[in-house]
Structure formats: structure tokens, C-alpha cells
Amino acid sequence: MSMLPSHVDIREVSLRDGLQIETPIPLSAKLEMLEAIVATGVREVEATAFVSPTKVPALADAAELAAELRRFDGIEFSALVASPNGAKRALAAGLRSIEYVVSAADGHSRANVGRSSAEAIAQIADIVAIAHDSDATVEVIVATAWDCPFDGPTPPQRVFEVTSVAREHGADRLAIADTIGTTTPAG
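Every residue gets a number counted from 1 within its own chain, in the order that chain's sequence is written. With pLDDT at 70 or above as the cut-off, local features in this predicted model cover only qualifying residues; side-chain atom pairs require 80 or more to be listed or tallied, and sums for whole chains, interfaces and linings still use all residues. With hydrogens and water excluded, all non-hydrogen atoms of the structure serve as input to the side-chain values.

Engineer: Can you tell me about the pattern of salt bridges, naming the residues and giving the values?
Structural biologist: A pair can form between side chains of opposite charge whenever their charged atoms are brought close. Salt bridge criterion: a side-chain nitrogen from Lys or Arg within 4 Å of a carboxyl oxygen from Asp or Glu. This model, assessed by the stated rule, comprises nine salt bridges. As a salt-bridge pair, E99 and R11 come within 3.6 Å of each other at their nearest N and O atoms. Of this pair, E99 sits in strand β4 (residues 97-103) while R11 is found in strand β1 (residues 11-12), placing the two residues 88 residues apart along the sequence. Only protein chains enter the accessibility calculation, which uses a 1.4 Å probe. A residue is then buried if its area is under 20% of the maximum for its type, exposed if over 50%, and partly exposed in between. Taking the relative accessible area as the measure of exposure, R11 reaches 27% and is therefore partly exposed. The partner of D106 in a salt bridge is R158, and the shortest N-O contact between them spans 3.5 Å. Placement of the pair is D106 in helix α5 (residues 106-113) and R158 in helix α8 (residues 156-168), with a sequence separation of 52 residues. In the salt-bridge network here, residues are joined through shared partners; they are R11, E99, E139 and R173. For the purposes of this entry, the term helix denotes a DSSP run of H or I that reaches at least four residues, the term strand denotes a run of E that reaches at least two, and both are numbered from the N terminus.

As C-alpha cells, this is what we get:
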């Protein structure tokens, strides 16, 4: 008897993660890309991020993209947020599922969102409440859970701290992320 699951769920993130550091492309090109993604059979798509348009100009059209998502039946769309304001903007744009990324390493947190891990952890309660008040779900993603490009190996206690706070405040899902791709099955 195999211990492997009978299926896996894949959340496609290229519209957000793949484009966020690129030169902005027109909304029409993003919609063409989304049509190709949907044609693959993927049913979960992280469509965009509601973050500062001055810091991430490639995703400045997040609300406009969100307005087009209703054209795609049978797809569960979500958006990444980096603050309570981003959560409010995502929900106002019609998203029913958001992801909030909290880096377990201070160096990455400061480089990524301009605040310490502790400051990002402190916003979990607000973001979960904002989502739940709008009948939406929120996943807390622990970034740099194993290694940080700035701080080196991440102490497991830091990951435990993020997940504990997320659980305490009622996050719907948790994800542990190997943000920089250094973890292997062997260790």
C-alpha cells in the first residue's frame, strides 16, 4: 500500500510570482497568459498581489485584473497581500481567498516588505479578521522557513512562532515555504 496521496492540488503562481519583478506588461497580455494557464487544467491560481504599486509596478493593475477573473468558471482565484490595506483592497476587488506571507527571517522580511518578522507577525490577527469579516479565507505562508539569503539557516523556533500565531488567530490554511529553494528531501 502506497503512502502517496491519490492526487495533488497545484496553485499556479506565475501571474504573481513570475511577473512581480518584471517590466510591467499590459492587462491584455496577462489575460492571454491566464487563458493559457486555465487551458492546462490547473484549478487554483494566485492571480496577482495587492501590494504597493510604487514598489511592485508590474502588479499595479491588480484590481483591474481581479475584475476580469469572473470570466473563468471553475477556477479558485486568490491574491497575495502584504498588509491589512492590501487585504482590504483584494477583498474589495472581489477575491474570496488571500495569502499573507510572513518571513520567518528578519533579513528577508525587511528586504521583502520593509518590516521585521515580529512586525509582520503582529499583522496576522488583523488580516485574518479582515478576511473572515468578508466571508473570505486566508492562508498564512511562512517564507524562508529553512534558509534566508540574508540571515542563513532559519531557526525552527521562528517558523513555529509564525504558525502558532496564525493558528491562534484562525488562519484557514498554513503553508511552509522553501522560498530560496535550498531544501532537499535528504535534509
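Read on for the rest.
Engineer: Just give me the short version of the sheet that holds strand β5 (residues 137-143), but keep the residues and values in it.
Structural biologist: Spatially, the six strands line up as an open sheet ordered β1-β2-β3-β4-β5-β8, and their pairing is parallel. Strands with a single pairing partner mark the edges of an open sheet, and in this sheet they are β1 and β8 (173-176). Direction of pairing for β4 relative to β5: parallel, over a ladder of seven bridges. Bridging from a neighbouring strand, V102 pairs with V142 of β5. Pairs of strands are assigned from DSSP output, requiring at least two bridges between the strands.

Distances and angles like these do not, on their own, reveal function.
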